[in-house]
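In case you want the letters, here they are:
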Amino acid sequence: MICKELTTPLILEKTEALSGRIVQHHLKISLLEKDLRKRRAGYKGESTVYYHLTFLKDKRYKIFYNVRLPIFSNHFQMDFLVLTPFYILIIEVKNISGLVTIDPFIKQLTRTHKGVTEGFTDPVSQVQRYKLLLQKWFSTHKLKHPPIKHLVVFSNPSTTLNYTVSPAPDDPYKQIIHAQNIIDKIMELNEKHPTSTVTEKELLKMKRLIIKKHEEPEIDILKAYSLTEMDILTGVRCVNCQHLPMIRVSASWSCPKCRHSSKTSHITAIHEYFLLLNNHLTNSELRKFLHLNSRNTAYKMLKSLQYETQGETKSVTYSKPAR
């Protein structure tokens, strides 16, 4: 049972929007493109694992994607969290290709790909830290919970996993698998934990609290790359040839490059404004961003999108819809 569905991560949405609007030849473009490739690969890997988890149709499995919970003055975020009456499973997803070498002794992971060797954060130490934080989170909220287990899942089937030293059967480093084996691993956990330790009522209470306490991160993508509004290209982009900006002609947007016409291309532009610049905007700010002259046209656009509003007449602001 999917309790929190797969959605495009906010950081990926913002990075994609920035990639399409950063001014040409900016010094940060190469770094931005590298980060975008990594974030797309991460999401692709999570989508692969999500696909396999959707085969768990039994209602005893309560599956959450990308849960971010507050703990004291910080947050911790898990790729997947699976609640059952018998155990709780934290899943950390890695989409890394090539030859991956795991050293349990020094807690190190290295990847060799196309002749280049590089190090990565040890995923087992990472997921074990999430386990401790989740235990503290349950304790803080006075929630009884089943034993917490973890898996590190490599989503790319072509990835070769190699250990410097073979881990013992009960070693945490033994809990590293490929995505196609995740259902078999869960069946194995079911056999090892046949007795429920919480009631259905207690499980539902956990589910509701996790959904209630989940918090989307606040990400200032311009600040993250030391950019300003001056580094952002404005206007409506042509969906056909990607030219920027389109021109407003009558009630449509027209591309001066390929002559493509659209009545709705401004919707994407407004969404990108919210992702990059602010959580709200005014009629004046919209006109500036879309290169519009008519206040009335801007008003009709904003009104048709049914955004939340605050204030009256010329001082009204429109807020982005909640995710």
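In short, a report on the structure. (Residues numbered from 1 in each chain as written. Predicted model: local features only at pLDDT ≥ 70, side-chain atom pairs only at ≥ 80, totals over all residues. Heavy atoms only, no water.)

What follows concerns the state of the cysteines. For the structure on display, the rule yields 0 disulfides. Left without a disulfide partner, Cys 241 is nearest to the cysteine sulfur of Cys 255, which lies 3.6 Å away. What makes Cys 255 buried here is its relative accessible area of 0%. (Disulfide = S-S within 2.5 Å. Buried < 20%, exposed > 50% of the residue type's maximum accessible area, 1.4 Å probe, protein only.)

Residues Met 78, Leu 81, Leu 134 and Trp 137 are the most contacted members of the largest nonpolar core, which totals 32 residues. Of all the elements in the fold, those that place two or more residues in this core are strand E2 (62-71), strand E3 (74-83), strand E4 (88-94), strand E5 (99-103), helix H3 (123-140), strand E8 (148-154) and helix H5 (200-213). The biggest single contributor to this core is H3, with 6 residues. When near neighbours in sequence (up to four residues on either side) are disregarded, Trp 137 contacts Leu 69, Pro 70, Ile 71, Phe 76, Leu 143, Leu 209, Ile 210 and Lys 213. Within the second largest apolar cluster, 24 residues are counted, among which are Tyr 61, Ile 63, Phe 86 and Ala 179. (Core = buried A, V, L, I, M, F, W, Y, C linked by side-chain atoms within 4.5 Å. Helix = DSSP H or I, 4+ residues; strand = E, 2+ residues; numbered from the N terminus. Contact = heavy atoms within 4.5 Å.)

Attention now moves to unusual backbone geometry. Here Leu 244 and Pro 245 are connected by a cis peptide whose omega angle stands at 5 degrees. Positionally, Pro 245 belongs in the loop between helix H6 (221-224) and strand E11 (247-249). One non-glycine residue, Phe 72, lies in positive phi territory at about 55 degrees. Mapped onto the elements of the fold, Phe 72 is located in the loop between E2 and E3. Located in the positive-phi region is Ser 226, a residue other than glycine, with phi close to 55 degrees. Turning to its location among the elements, Ser 226 is positioned in the loop between H6 and E11.

Just geometry here; none of it tells us what the structure is for.
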